[in-house]
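Residue-level listing of the chains:
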Amino acid sequence: MTIHFPGYETVINNVYDSGNEHVFSYWDTLNPDQKKHLLEELSTIHFETLQQLYELAKRNLPSLDFKPAPYTPVPKTDEEKKEFEKAKQIGIETIKKGKVAAFVVAGGQGSRLGFDGPKGMFPVGAVSKKSLFQIHAEKIRAYELKYDVAIPWCIMTSEANHDATLAYFEQNNFFNLNKEKVFLFKQNMIPSLDENGKLILESPCSIFRNPDGHGGSLTALYQSGTLDTLQALNIAILSYFQVDNPLVRIIDPVFIGFHRMHDAEVSSKALVKAYPEEKIGVFVQFSNNRIGVVEYSDLPLEKQYEKDEQGQLRYAAGSIAIHLFNTRFIASVTGSNVTLPFHVAKKSIPEYTDKGIHYITGYKFEKFVFDALPLTQHNFILETKREEEFAPVKNKTGVDSVESAQELMINLHKRWLTQKGIAISPKLKKIELSPLFAIEKDDIPQSLIILDKEEVYIE
Ligand code: UTP
């Protein structure tokens, strides 16, 4: 059978030339709109690139030569503390000048969490049940009030969750942020391939595609025009974070100050790995002296367990996906021929057949944002404390789950109160401070009285 459809001859040829004609298996059952839909989707596919990615998937990559990257640890001495105070002042000055915007990546599929909807809508507040998006929005509003400045917020979504995300923000009146300064835009999608390197149908008239990874965020910022808008607003630094970390300090003056003091193009936060097998990437310095991150699955076993003279893990600085990106750096990368590399993962993928959906093993391709690090001349890595800034919500239960994230948030708020000398009842099981009440310990008024209850929420 040969397919004809006026105006789409080249696409149809590309499909046949690449050996993907099985995507037309249900052609005769499609109405004209569905036929057009399928051809439109196929016309966005770059078959040559896909072929290269398939070859990449089949190949074993050579192992790279690297050593641990240097980083600035949490301050201990008076001198270090003074340096941190200096960074903080520079950071505050930069924020107050309106140079900083927030940037969350929220295009992921949240498959491990199994939540039906954008992950950002997941209720995570320990008492209030506020969503991840609401907690982030209120933090940004709190920083705006604290520093008396507008803080634009970029939100990257994907095809699968853009409309639902936008509707959610509209229904909630953008959580009292200035909606003119909240920029939602979609990332690109890339087809997955089966084990023979062929496209996969997800319905009779569409191809299975996945979002192109958080590394797609830099291109998406540029292609959507958001980067231009930010530069027109004089934004110099984007504070990047992931939607599933409710503990993140979205606007951190110390981090921003150090970023400027080091004249960095990109800065990153690190935490010391809790145990060798912890599934986070580590910061490394490659043999060409460039800094980067090696994923936990790519770190050779002997390096994973390697210890230094003090008996500490040598590859200890783990990446928690908190970065600062200069807008000028993003413009230079996205406006050139440089693209971040794709990584390959073997995954179970739903395929449509005339007997219904069944799952096959195939390849998904994704870009990782930390691959921008080796493109920098100057960068900076700052250690942060896990219990103060990292509560990933990945799974329904157990490790990195809603429960563990809530426990971390409750403990942080309890610590703030205790450090302030505010009495809490032994009865207290759950406490939640709204970001609009306190974004850091120092915002809590000394006069605060905590009710003698099991659950307390302070707005
Ligand atoms: P993860 O890969 O850890 O989480 O992404 P996920 O995709 O939400 O969930 P799983 O893996 O399917 O269970 C980390 C962060 O990167 C964003 C996610 O939204 C999350 O904030 N991300 C991931 C994107 O924005 N786009 C992507 O293509 C992938």
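Refer to the structure above for everything that follows.
Let me sum up the structure you'll find in this document. (Residues numbered from 1 in each chain as written. Predicted model: local features only at pLDDT ≥ 70, side-chain atom pairs only at ≥ 80, totals over all residues. Heavy atoms only, no water.)

Structural notes on the site of the ligand
Within the structure, the ligand sits among 18 residues, and V105, G107, S111, Q187 and K394 are positioned closest to it. One of the side-chain nitrogen or oxygen atoms of Q187 is found 2.7 Å away from a nitrogen atom of the ligand. The protein chains hide 89% of the 570 Å² of surface that the ligand would expose on its own. (Near = heavy atom within 4 Å. Polar contact = N/O pair within 3.5 Å; in protein donor to acceptor, adjacent residues only side chain to side chain. Areas by Shrake-Rupley, 256 points an atom, 1.4 Å probe, with all protein chains shown as cover.)

What about the packing of helix 4 (residues 78-96) against helix 9 (residues 253-261)?
It is at 6 Å that the axes of helix 4 and helix 9 come closest, and there the two elements cross at 95°. Taken together, the axes of helix 4 and helix 9 lie roughly perpendicular to each other. Mapping the contact onto sequence places E83, F84, K86, A87, K88, I90, G91, I92, E93, T94 and I95 in helix 4 and P253, V254, I256, G257, F258, R260 and M261 in helix 9. (Axes fitted to C-alpha atoms, helices over the stretch in contact; angles between N-to-C directions. Helix = DSSP H or I, 4+ residues; strand = E, 2+ residues; numbered from the N terminus. Parallel < 35°, antiparallel > 145°, perpendicular 65-115°, else oblique. Contact = heavy atoms within 4.5 Å.)

What to know about the sheet that holds strand 6 (residues 193-194)
Taken in spatial order, the 3 strands make up an open sheet running 6-16-15, and their pairing is antiparallel. Only two strands of the sheet have a single partner each, and these edge strands are strand 6 and strand 15 (342-353). Direction of pairing for strand 15 relative to strand 16 (residues 356-367): antiparallel, over a ladder of 12 bridges. Bridged to S348 within strand 16 is T361. Its contacts with the sheet place helix 3 (residues 47-58) against strand 6, strand 15 and strand 16, and it is angled at close to 90° to strand 16. (Pairing = 2+ DSSP bridges.)

A word on the environment of P253
With respect to the element layout, P253 can be found in helix 9. Judged by relative accessible area, which is 8%, P253 ranks as buried. When the C-alpha atoms of P253 and E309 are compared, they prove to be 34 Å apart, with 56 residues separating the residues in sequence. Setting aside anything within four residues of it in sequence, one finds P253 in contact with A87, K88, G91, I92, I95 and Y147. (Buried < 20%, exposed > 50% of the residue type's maximum accessible area, 1.4 Å probe, protein only.)

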